[in-house]
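# Fold and contact review
Here's the letter readout for the chains.
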Amino acid sequence: MKNPVTAVSAATPEEALSHFERRLRVETDCADVHQSMAENAADFVLLDVRGPNAFARGHIPGAQNLPHAAMDAERMAEFPAESLFVVYCAGPHCNGANRAAVCLARLGLPVKEMIGGITGWQDEGFDLETGASA
């Protein structure tokens, strides 16, 4: 008897491997970002793509505020060549990180989304920083 889980057959292991490896190439999570930042091993630029007011109310320590609407070739040229950008927004209910990732990819820049955004960060119990100084 079929149920909602098995009504559609599972992917082959090869299909699943391809799918999940691809996701890891375009996504990272809050715990991995936190660990990298805590160990001073962050070899990426962390961008909070929300507006300045939201950023000032609380953002991930070490993040820079750069809303997706401000991303253009001139602005992104201020970063070291070959920088990997990790973008985040408010959380699963927000598509700002997706919009930023599209902007960066269209500019030919490597990008990953930090899934969960600020909501995921706080769900993990990680602290936020306040103010507009980053």
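This report concerns the structure included in the present document. Remember, it's a predicted structure, so these values are computed and weren't measured experimentally.

The rules behind these values
- Residues numbered from 1 in each chain as written.
- Predicted model: local features only at pLDDT ≥ 70, side-chain atom pairs only at ≥ 80, totals over all residues.
- Heavy atoms only, no water.
- Phe/Tyr/Trp six-rings, centres within 6.5 Å; stacked < 30°, edge-to-face > 60°.
- Buried < 20%, exposed > 50% of the residue type's maximum accessible area, 1.4 Å probe, protein only.
- Helix = DSSP H or I, 4+ residues; strand = E, 2+ residues; numbered from the N terminus.
- Polar contact = N/O pair within 3.5 Å; in protein donor to acceptor, adjacent residues only side chain to side chain.
- Contact = heavy atoms within 4.5 Å.
- Core = buried A, V, L, I, M, F, W, Y, C linked by side-chain atoms within 4.5 Å.

## As for the packing of aromatic side chains
Counted according to the given criterion, the structure contains 2 aromatic pairs. Here Phe79 and Phe85 contribute two aromatic rings whose centre-to-centre distance is 5.2 Å and whose plane-to-plane angle is 90 degrees, an arrangement assigned as edge-to-face. Residue classification places Phe79 among the buried residues on the basis of a relative accessible area of 11%.

## Regarding the side chain of Arg50
Among the structural elements, Arg50 can be located in the loop between strand E2 (45-48) and helix H3 (52-57). A distance of 2.7 Å separates polar atoms of two side chains, one belonging to Arg50 and the other to Asp48. A polar contact is formed between the side chain of Arg50 and the backbone oxygen of Ala54, at a distance of 3.5 Å. Residues within four places of Arg50 in sequence aside, it is in contact with Phe55, Gly58, His59, Asn65, Pro67, Tyr88, Cys89, Ala90 and Ile118.

## A word on the nonpolar core
Core analysis: the biggest nonpolar cluster contains 15 residues, and Leu47, Met71, Met76, Phe85, Val87 and Leu104 have the highest contact counts within it. Considering each element in turn, this core owes the most residues, 4 residues, to helix H5 (residues 96-106). In this structure, Leu104 is in contact with Leu47, Met71, Met76, Phe85, Val87, Leu109 and Val111, ignoring residues within four places of it in sequence.

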